[in-house]
Amino acid sequence: MDNNVDMNHLLTLENREHLTLTGISDVDSFNEEEIIAISPCGELTIKGELLHIEELNLEKGTVTLSGKVTSLLYSEKFSSTSLLKRLFGG
């Protein structure tokens, strides 16, 4: 994604109820139990209860959410296209 998002990533969690993220280039999916955000550190999966995105500004790369955060998990980003290219020699 070609935008002006600052590539520095900061995560601030207050009392497991208010989460502020910077350096976010996209939000892949979200519901009340799971939010998946794309950061320069990898894909961030946020799990919890009654999760709600309060503010989303992809131009600035910021996300603010509320709810009960029970888990934060980073995983490496990968492109299914590059995986297919590797598998089939493309």
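This structure is a prediction, so every number in the text was calculated from the model and none was measured.

As for the overall build of the chain
Each helix and strand counted, the chain has one helix and six strands in total. Walking the chain from its N terminus toward its C terminus, one meets helices and strands in the order β-β-β-β-β-β-α. Across the 90 residues in the chain, those meeting the buried criterion constitute 27%. Taking the intrachain contacts of the chain between residues at least 6 apart in sequence as the baseline, contacts between residues at least 24 apart amount to 42%. When the accessible surface of the chain is totalled, it reaches about 6200 Å², and 50% of it is carbon and sulfur.

With respect to the nonpolar core
Among the nonpolar cores identified, the biggest contains twelve residues, and these are Leu19, Leu21, Ile24, Val27, Ile35, Ala37, Leu44, Ile46, Leu51, Val63, Leu65 and Val69. Aside from chain neighbours lying at most four places away, what touches Leu51 is Asn31, Glu32, Glu33, Glu34, Ile35, Ile46, Leu65, Ser66, Gly67, Lys68 and Val69.

Considerations on the side chain of Ser66
On the secondary structure map, Ser66 appears in strand β6 (residues 62-75). Ser66 gets classed as buried once you look at its relative accessible area, which sits at 14%. Engagement of the side chain of Ser66 in a polar contact is seen with the side chain of Glu54, the distance being 2.6 Å. Residues in contact with Ser66, not counting those within four places in the same chain, are Glu17, His18, Leu50, Leu51, His52 and Glu54.

Details of the sheet that holds strand β3 (residues 26-30)
Sheets are built from strands paired through backbone hydrogen bonds, the pairs being either parallel or antiparallel. With antiparallel pairing, the six strands of this open sheet are ordered in space as β1-β2-β6-β5-β4-β3. Edge positions in the sheet fall to β1 (10-14) and β3, since each of these pairs with one other strand and no more. Adjacent strand axes in the sheet meet at a mean angle of 35° when their direction is disregarded. In the sheet, β1 pairs with strand β2 (residues 18-22) via five bridges, with the strands oriented antiparallel. Opposite Leu11, over in β2, you have Leu21 as the bridge partner.

Scoring rules and cut-offs
Residues numbered from 1 in each chain as written. Predicted model: local features only at pLDDT ≥ 70, side-chain atom pairs only at ≥ 80, totals over all residues. Heavy atoms only, no water. Helix = DSSP H or I, 4+ residues; strand = E, 2+ residues; numbered from the N terminus. Buried < 20%, exposed > 50% of the residue type's maximum accessible area, 1.4 Å probe, protein only. Contact = heavy atoms within 4.5 Å. Areas by Shrake-Rupley, 256 points an atom, 1.4 Å probe, with all protein chains shown as cover. Core = buried A, V, L, I, M, F, W, Y, C linked by side-chain atoms within 4.5 Å. Polar contact = N/O pair within 3.5 Å; in protein donor to acceptor, adjacent residues only side chain to side chain. Pairing = 2+ DSSP bridges. Axes fitted to C-alpha atoms, helices over the stretch in contact; angles between N-to-C directions.

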